[in-house]
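Structural description and commentary
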Amino acid sequence: QPQDTGSIDSCSDASMESAKPLITFMPQDVWVGIMSCLMVHDMCMMGSCCQLSKQEADDPELWRVLFLRSCWPASPALLDFVERDGFTVSDSEVLDFRSLIRKRTTAQPFIVVDVGRGYTKYGIVHGVNGRPDGDDSAPHIVQLCSSPTHPPDCEHGNQLVFIHRQLDMMLLTAARDLDDPLHYVAVKSTQPLAVGSHALLQGLKAQAELNGHVVHLVRFDDVRERWAVCLVALENWTERRSLSVEGSNLRRISTARDLPLLIGEPFAETANRRIQPRLGLDWASAIETQLEQARPGPVYIAPQAQMSLWAHGINHGIVINIGQQQTIAIPVVRGRIAEDAACGSNIGSAKLTQLMMSILQRRFNFAHSSLMTWCRDIKEAFCYVAPPASCLRHGQSKRLQSRLDAGDDFRVQSVTVDPGLPGMEPFELAEERVLVPEALFDSSMMGGPSLPELILRCAEQTMCRTLGEDQEADQEALQALLRNIVLVGGAADMPGLRPRTECEVRALLASSRAFSELRSALAFPEDAFVLQPPLGSLGPLTTPRFVPFVGGCVRAAGSNALRGAGLMERGPHGFTNQATGATHRGLMHRGLLHLNAPAVFRTGGGGGADDDGGDLWWGNIAPAEDFSDSEEGDLEEEVGDLAHDEDGDPLGYEDLHDEPTSEPLPFRPPRRGVGALQ
C-alpha cells in the first residue's frame, strides 16, 4: 500500500534523534562539573573519546582547576608565585596550566638541604606528589652536634656525603615496596645501567619469583650481552646468589646523585659577606669538595633568607633567624640579598638554654651543666612569650621581672613537669616559662639589641644603604619590607613570639626611637606585619623551625626546576651565578612587579597557622609537651661554666629595676590586617 512519505521522514528524524547518545543532551554546567572532578590521566583519556569530550577537555579553566587541585603545595598563592617565576611573568598573562602540569609531572624530584650548625634538614619534593612524608611531618635530620648521650651522625664537612648515602638506602628500600611514598622516585631513573648501580629485576619467566628483587650490577659480558648481578638482601645489605640476566630484565633504581639538589646557604655565611666578600665563594667551594665530580644531577645554592621568603610567596622582606649562637636579620630587597644592611645580636637559642639553667639552679640542687640538653628540652616544651606591657608608650615597657614582682602575673600558666630522670620528683614551672624568652625582648638581660630593635635597625640600614634615589619606588619598597617580616629558627616556634614581636615593632615605629624617614614611609605604624607560617588549603605547611627548608621545596617544585632563577649553579669550573656568570654572590638579580605577601599569611587575612600565644596570655590552654629534636645543638661539650657576672650572680638577673613609665593599660592583641586570599 502507498505510504505517507512525510510520516516516514518524521519517524526517521525522531528515531535518529532518539538514537543519539544521552551524553549529547547533557547541560554544559554538568559537563564542566564532571570534568573538573577528573585527574590528569582521566582528563586525557576523556578527551580522546569523542569531539564533544575533547572540546570540554581543552577548556583552559578546567586545567586551572586541575592544576590547583593536583599540584604541590596546596596553596593557590604559592603556586601562582612559583609559576610566575618570582613575578617576572605579568599577573595579567594567562598561564598555560596544561603545560605546567605536564612539566611538573615529568620533572625529576628535587633534594632540598637546609644546612645548619647543630642540625641539617633535608628531604625530597616533587611538583605533583609533593613531599613523600607529607606536609605534617618534619624533614629528615642530620645531627652535627656532639654530646655524651647524643653522638653526631657525621662531621660537618661530610654531611652531604652522609645525606646521599641515607637517601640511597631509602630509595633501594622504596623500590621494592609499591606502597612506599618514595617508590615513584626510586623507579623513575633516567640514567643507563652502569657497573656498581642497583636495579630491579622484572619480566623474568624462568625464575618469576625473583621479579621485584634488588640486584647489584657487577659487570657486563660483552660476548653474551648479559649482566652479571648479585641479589641484595635489604634486611642486612648483604649480597647473595649471582645471576646472569639481560638488560631488558633490569630496571635501574635511582640514586641521590641522579637527582637535582638545592642547598641553602646559612644565614651567617650570607651576612658575613658584607665583611668578607669571598666568604660566599669559600663556602661554595667547601660544598663542592663534598660532591662527586661526575654527579649527573644539577646543584644549586640559594640563601636561606631567600628560601624563607619563598615559603610565603614573596621575594621581598626582612628575615630574622634565631639560630644557635646568634640572631641575624637579613633584608631581601626586590629579590636581591642586601647583605650590607644585615644586622645581628649574640643572643641565640644556646643562651636561652643557659638562662633556663641559671633559673633552675636558683631553685634546685640537681640542676648543673651536665643536664644542659635536658634543660633545652624543658625550655622548648614549656616556655612561651609573655604579652607586651601595656601600650609600650614611647617604645619603652616595664621589665617583666618588675611586673612579676609587683604582682602583675597576667595569668602565667603554671605546669607540673615530670623530669623523666632517675631520682628526680615532678616539679612546677610558672614564671620561669616566660622569663627565659623575655631575653629576646629585654636587652638589659643579656645585652645587645632586642628582637624588635634588631628588625627596626635592619629596616633603617636598608633605607640608608640599599634603596636608591627613586623616592616613590623606595617608599613602596620600604613599606613592603615592614609588611613582610618573617621569623624562623627553633626558638621562633615559641608560642606568642610572633604577635609579641609584631606589637613591639609597631610600638617602636610609633615612637621617637625610629628614624623620622622610616615613620613617614608608613601610612600608620600598624602597617608592619610579622607573617604567619605558610598555610596551604589542607592546613599548615610547616612551623617557623622548618620554614627555610619548606621554602626551598616550594621553589624547587616549580615547573622550571630552578632554571634561570639567578641562583648559584654548579658548573665545570665550580659554582657560578646563573644570571651574571660571576663566581660570587649567589643571589637573585631580578626585580618584582609585586612586593607584598599574600594576605593569607597576615593575621586575619583569611587564615594562617598562628601560634597559641593569645590563648596562653588569656589563660585558656597550656602547650602540649613535645620533647622533639631542636635546631639548637646539644650543649654539654660547648658550655662549661655558666656565664656569671663579676658578683657571681647568674646571667640575666642583674639590675632588673623599674623604668619610669605610665600606668599600664590592659593588653590588647595587635591590630589585625584585612585581606583575602590572592
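The structure this text deals with has already been given above.
Now for a quick tour of the structure. (Residues numbered from 1 in each chain as written. Predicted model: local features only at pLDDT ≥ 70, side-chain atom pairs only at ≥ 80, totals over all residues. Heavy atoms only, no water.)

1. Examining the packing of helix α5 (residues 60-70) against helix α7 (residues 97-106)
Two elements in contact, α5 and α7, have axes whose closest approach is 8 Å; the angle formed by their N-to-C orientations is 35°. Of the residues in α7, those in contact with P60, W63, R64, L66, F67 and S70 of α5 are F97, R98, L100, I101 and R104. Among the residues making up the contact of α5 with α7, the classes are represented as 7 nonpolar, 1 polar and 3 charged. (Axes fitted to C-alpha atoms, helices over the stretch in contact; angles between N-to-C directions. Helix = DSSP H or I, 4+ residues; strand = E, 2+ residues; numbered from the N terminus. Contact = heavy atoms within 4.5 Å. Nonpolar A, V, L, I, M, F, W, Y, C, P; charged D, E, K, R; others polar.)

2. Regarding the pairing of strand β10 (residues 299-303)
A large share of β10 lies buried, amounting to 5 of its 5 residues. Of the two faces of β10, the one lined by V299, I301 and P303 and the one lined by Y300 and A302 are each fully buried. Strand direction decides the pairing type here: strand β9 (residues 261-265) and β10, joined by 5 bridges, are parallel. Considered in β10, the bridge of I263 is made with I301. Bridge count between β10 and strand β20 (residues 568-571): 2 bridges; the pairing is antiparallel. Residue pairing in the sheet places I301 in a bridge with M568 of β20. (Buried < 20%, exposed > 50% of the residue type's maximum accessible area, 1.4 Å probe, protein only. Pairing = 2+ DSSP bridges.)

3. Some words on the environment of A381
Inspection of the secondary structure assignment puts A381 in helix α14 (residues 372-382). For the pair formed by A381 and R433, sequence separation is 52 residues and the distance between their alpha carbons is 9.6 Å.

4. Details of the packing of helix α3 (residues 40-47) against α5
Two elements in contact, α3 and α5, have axes whose closest approach is 11 Å; the angle formed by their N-to-C orientations is 155°. One finds that α3 runs roughly antiparallel with respect to α5. Packed against α3, whose contacting residues are V40, M43 and C44, the element α5 presents L62, W63, L66 and S70 at the interface. (Parallel < 35°, antiparallel > 145°, perpendicular 65-115°, else oblique.)

5. Notes on the sheet that holds β9
Here 7 strands make up an open sheet; going across it, the order is β3-β2-β1-β9-β10-β20-β21 and the pairing mixed. Each of the sheet's edge strands pairs with one partner strand only, and the pair in question is β3 (140-143) and β21 (574-577). Shown here is a sheet whose adjacent strand axes are inclined to one another by a mean of 25°, direction ignored. With 4 bridges connecting them, β20 and β21 associate as antiparallel partners. Following the sheet pairing, E569 is matched in β21 by T576. Contacts from helix α8 (residues 159-176) reach β1 (110-114), β2 (119-125), β3 and β9 within the one sheet, and its direction differs from that of β2 by about 40°. Against the sheet, helix α22 (residues 547-556) touches β1, β2 and β9, its axis set at about 155° to β1.

6. Points about the packing of aromatic side chains
Tallied over the full model, the rule gives 4 aromatic pairs. Between the aromatic rings of F67 and F97, the centroid separation amounts to 5.4 Å while the plane-to-plane angle is 45°, which identifies the pairing as tilted. Taken together, the positions of F67 in helix α5 and F97 in helix α7 put the pair 30 residues apart, joining distant regions of the chain. The exposure classification of F67 matches that of F97, with both residues buried. Taking 5.1 Å as the distance between ring centres and 55° as the angle between the ring planes, the aromatic pair formed by F220 and W227 counts as tilted. One residue, R506, lies across the ring of F529, its end atom 5.1 Å from the ring centre. Lying across the ring of W310, R555 places its NZ or CZ 5.7 Å from the centre. (Phe/Tyr/Trp six-rings, centres within 6.5 Å; stacked < 30°, edge-to-face > 60°. Lys NZ or Arg CZ within 6 Å of the ring centre and 35° of its normal.)

7. Quick notes on the side chain of E432
The residue E432 is located in helix α16 (residues 432-435) in this model. Within the structure, E432 has its side chain in polar contact with the backbone nitrogen of A430 (distance 2.9 Å). Every residue in contact with E432, bar those within four places of it in the chain, is listed here: M356, I359, R363 and C383. (Polar contact = N/O pair within 3.5 Å; in protein donor to acceptor, adjacent residues only side chain to side chain.)

8. Points about α8
Helix length check: α8 (18 residues) gives 27 Å between terminal C-alpha atoms against 26 Å at 1.5 Å per residue, within 8%. Here α8 has its buried residues at Q159, L160, F162, I163, H164, L167, L171, L172, A174 and A175. (Expected span 1.5 Å × (residues − 1).)

9. With respect to the nonpolar core
Counting 68 residues, the largest nonpolar core has I320, W374, L429, L482, L497, L509 and L518 as its most contacted members. It is helix α18 (residues 451-465) that provides the largest number of residues to this core, a total of 7 residues. Beyond its immediate stretch of four places on either side in the chain, L482 contacts A459, L509, L518, L522, D527, A528 and F529. Among the nonpolar cores identified, the runner-up in size contains 37 residues, and I111, I124, I263 and A284 belong to it. (Core = buried A, V, L, I, M, F, W, Y, C linked by side-chain atoms within 4.5 Å.)

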